[in-house]
Amino acid sequence: IMGILRIDSFQAEAFSIDDLRLLAIIANISALTIHNAKLFKQTEYLAQMDGLTDLYVKRYFWKKLQDLFMKARASGGTFSILLMDLDKFKNLNDRFGHPAGDKVLQKTAYVIKEKAGRENISARYGGEEFVVLLPDITKAEAGNIAENIRDGIEKTPFSIRRQHSP
């Protein structure tokens, strides 16, 4: 059920068959409009988010970077960018397969999102490459965030086919 259309009258038999047909047409058009709006919103979301990691896609990151750069340039503000990748990821994929690599990417993305903060823009930049855009964050603060992310990933247990990461 997408919604309810209710029309009342205190007068008995106030609505004719033609009135009811018109209401049915209005209800169908309304339902279709609501459905299309939901599809548009879902499409818009999928255009901005990576389906595997639930991080922003590179294209969205570049758009936000341009916006932030122009804003910082005009106001003299600061921002920082963190670029990260997973060491020896190709070896992991070759040894355990892409589904195992996908699980590692998902866990890594979760840690990045949590440690970078939800208000910052975390994106999947490439296969196993990630980027975080940090508005109004200094170089020193960005270094602390980067270390928190690195430490969080290091402490996250990864288990693939009953083999645990060190």
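See the structure shown above.
Residues numbered from 1 in each chain as written. Predicted model: local features only at pLDDT ≥ 70, side-chain atom pairs only at ≥ 80, totals over all residues. Heavy atoms only, no water.

### Some thoughts on the overall build of the protein chain
Phase 1: When you go through the protein chain residue by residue, the secondary structure sums to five helices and six strands.
Phase 2: The order of helices and strands in the protein chain, counted from the N terminus, is α-β-α-β-α-α-β-β-α-β-β.
Phase 3: By residue count, 29% of the 166 residues in the protein chain fall in the buried class.
Phase 4: A sequence separation of at least 24 residues applies to 61% of the contacts in the protein chain between residues at least 6 apart.
Phase 5: Per element, the accessible surface of the protein chain, about 12,100 Å² overall, is 57% carbon and sulfur. (Helix = DSSP H or I, 4+ residues; strand = E, 2+ residues; numbered from the N terminus. Buried < 20%, exposed > 50% of the residue type's maximum accessible area, 1.4 Å probe, protein only. Contact = heavy atoms within 4.5 Å. Areas by Shrake-Rupley, 256 points an atom, 1.4 Å probe, with all protein chains shown as cover.)

### What to know about helix α5 (residues 139-155)
Phase 1: Taking 1.5 Å per residue, 17 residues should reach 24 Å; α5 reaches 24 Å between its end C-alpha atoms and fits that length.
Phase 2: Check the buried side of α5 and you find it contacts β2 (79-85), α4 (98-116) and β4 (129-135). (Expected span 1.5 Å × (residues − 1).)

### Here's the deal with the pairing of strand β3 (residues 121-124)
Phase 1: Because side chains alternate across β3, one face comprises the buried residues Ile121 and Ala123, and the other comprises Ser122 and Arg124, equally buried.
Phase 2: As paired elements, strand β1 (residues 56-57) and β3 share two bridges and run parallel to each other. From the neighbouring strand, Tyr56 faces β3, where its bridge partner is Ala123.
Phase 3: Between β3 and β4, which pair antiparallel in sequence order, lie four residues. (Pairing = 2+ DSSP bridges.)

### Here we look at the sheet that holds β1
Strand pairing in a sheet relies on backbone hydrogen bonds. The paired strands run either parallel or antiparallel.
Phase 1: An order of β1-β3-β4-β2 is seen for the four strands of this open sheet, with the pairing classed as mixed. Two strands in the sheet have a free side with no partner beyond their single neighbour: β1 and β2.
Phase 2: Across seven bridges, β2 lies against β4 in antiparallel orientation. Residue Ile81 lies in a different strand from β4, and its bridge partner there is Leu133.
Phase 3: Strand contacts of α4: β2, β3 and β4, with the helix running at about 10° to β4, the strand carrying the most contacts. (Axes fitted to C-alpha atoms, helices over the stretch in contact; angles between N-to-C directions.)

### A few points about α4
Phase 1: Between its first and last C-alpha, α4 extends 26 Å over 19 residues, near the 27 Å set by a 1.5 Å rise per residue.
Phase 2: Where α4 is buried, its residues touch β2, α3 (89-96), β3, β4, α5 and β5 (159-160).

### A closer look at the packing of aromatic side chains
Phase 1: Counted by the stated rule, this structure contains four aromatic pairs.
Phase 2: For the ring pair Trp62 and Tyr125, a centre distance of 6.5 Å and an interplane angle of 50° mean the geometry is tilted. A residue pair is termed long-range when its members are at least 10 positions apart, and Trp62 in helix α2 (residues 58-75) and Tyr125 in the loop between β3 and β4 qualify at 63 residues.
Phase 3: Geometry around Tyr125 places Lys58 over its ring, the cationic atom sitting 5.0 Å from the centre.
Phase 4: Directly above the ring of Phe158 sits Lys107, whose terminal nitrogen or CZ lies 5.4 Å from the centroid. (Phe/Tyr/Trp six-rings, centres within 6.5 Å; stacked < 30°, edge-to-face > 60°. Lys NZ or Arg CZ within 6 Å of the ring centre and 35° of its normal.)

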